[in-house]
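# Structural overview
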Amino acid sequence: MAVDMKESIAKAVKTLLMEKGVRRLTVKEIVEECHITRQAFYYHFEDIPALFRWILERDIEQFVAEARTLESGEARLRYLFVLAINALPYVKKSLQSNLGAEFERLLEQNVEALFTRACDEEKLYQNCTRFESGVILRYHSQAVMGLLRNWTEKDTENLDQIVHVVYCLMTEGIAPRA
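Residues numbered from 1 in each chain as written. Predicted model: local features only at pLDDT ≥ 70, side-chain atom pairs only at ≥ 80, totals over all residues. Heavy atoms only, no water.

### Digging into helix 9 (residues 159–171)
The first and last C-alpha atoms of helix 9 sit 18 Å apart over 13 residues, in line with the 18 Å expected at 1.5 Å per residue. The set of residues buried in helix 9 consists of L159, I162, V163, V166, C168 and M170. Here the buried face of helix 9 lies against helix 5 (73–96), helix 6 (100–122), helix 7 (130–149) and helix 8 (153–157). Phi turns positive one or two residues past the end of helix 9, at G173, with a value near 80 degrees. (Helix = DSSP H or I, 4+ residues; strand = E, 2+ residues; numbered from the N terminus. Expected span 1.5 Å × (residues − 1). Buried < 20%, exposed > 50% of the residue type's maximum accessible area, 1.4 Å probe, protein only. Contact = heavy atoms within 4.5 Å.)

Laid out in C-alpha cells, this is it:
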C-alpha cells in the first residue's frame, strides 16, 4: 500500500509540474492534488527533495532492470538516452520550479551513481585507480547531462551516431585523426 501511495504522490507532482505549470511546488499543492493529508505526505516522505530522490531512485532501478535485458553496453546507453529524452519535459519543468537547484543536484548524483554502477558491472577502467575512474565517470556523466541539457530535434535524428560516439569515448577513447 505504501508504494501505491508514493506512486500517487509522484503522479501528483508530475501533474502539477507538467499539466498545471506550477513553478512553486509546495506540500500543500501536492496533498491537494492527490487528496491526502499533510500527515500522509510526511508519513511517506521527509520533504519534497526526498520525494524527488525516491522518484529518481525508483526510475533508475526500473532502467537498470530493463537495460540488463539488452545485448550490449552500447544498446544500454542508447536506451538511457531514449529514456532521458522522453523525460526531458518533466526534468525541464522540475528545474524551473522553486526546487530546481535541489532537483538538479539530485539528478547529477543519480546519473553519476548510475554510470558508476554500469562501470562496475561492465568492468570498465580496470587499469585505473578508484580515484581515476571516479574522475572519468564524473566527467562522462556531466558530459552526457550537458548533451541532454541542450538536446535538439537534430540530435534526435542523429541519436544512434551520438550514442556510438559517446560509447566509444567511454569505453575506448577516440584518437584524433591525423
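### Examining the packing of helix 5 against helix 9
Helix 9 packs onto helix 5 with a crossing angle of 125 degrees between their chain directions and a minimal axis gap of 9 Å. As the angle between them shows, helix 5 and helix 9 are arranged oblique. The crossing of helix 5 and helix 9 is right-handed. In this structure, helix 5 contributes G73, E74, L77, R78, F81, V82 and I85 to the contact, and helix 9 contributes L159, D160, I162, V163, H164, V166, Y167 and M170. For the contact of helix 5 with helix 9, the residue count by class is 10 nonpolar, two polar and three charged. (Axes fitted to C-alpha atoms, helices over the stretch in contact; angles between N-to-C directions. Parallel < 35°, antiparallel > 145°, perpendicular 65-115°, else oblique. Left-handed = near helix turned anticlockwise from the far one by under 90°. Nonpolar A, V, L, I, M, F, W, Y, C, P; charged D, E, K, R; others polar.)

### Overview of the packing of helix 5 against helix 7
Where helix 5 contacts helix 7, the two axes come as close as 10 Å, and the packing angle between them is 65 degrees. In this structure, the crossing between helix 5 and helix 7 has a hand that is right-handed. Across from F81, A84, I85, L88 and K92 in helix 5, the residues of helix 7 making contact are V144, L147, L148 and R149.

### A closer look at the packing of aromatic side chains
For the structure on display, the rule yields seven aromatic pairs. Between F52 and F103, the aromatic rings sit 4.9 Å apart at their centres with planes inclined by 70 degrees, giving edge-to-face as the arrangement. Residue F52 is located in helix 4 (residues 48–67), and its partner F103 is located in helix 6; the two are separated by 51 residues in the primary sequence. Just as F52 is buried, F103 falls in that class too. The interplanar angle of 85 degrees and the centroid separation of 6.2 Å between the aromatic rings of Y90 and F103 together place this pair among those described as edge-to-face. Here Y90, found in helix 5, pairs with F103, found in helix 6; they are 13 residues apart in sequence, far enough to count as distant. Judged on exposure class, the residue Y90 and its partner F103 are both buried. Among the aromatic residues, those joined into a ring-pair cluster are F41, Y42, F45 and W54. For K14, the ring lying beneath its charged end belongs to Y90, and the centroid distance is 5.6 Å. (Phe/Tyr/Trp six-rings, centres within 6.5 Å; stacked < 30°, edge-to-face > 60°. Lys NZ or Arg CZ within 6 Å of the ring centre and 35° of its normal.)

### Describing unusual backbone geometry
Phi angles above zero are rare outside glycine, and H35 is one such case at about 55 degrees. Inspection of the secondary structure assignment puts H35 in the loop between helix 2 (27–34) and helix 3 (38–44). In this structure H35 comes out as exposed when scored by relative accessible area, which is 70%.

### Describing the nonpolar core
Membership of the largest hydrophobic core comes to 52 residues, with the highest contact counts inside it found for I30, F41, L51, F52 and F81. When residues in this core are grouped by element, the largest group, 10 residues, is from helix 4. Excluding residues that lie within four positions of it along the chain, F81 makes contacts with V144, L147, L148, W151, L159, I162, V163 and V166. (Core = buried A, V, L, I, M, F, W, Y, C linked by side-chain atoms within 4.5 Å.)

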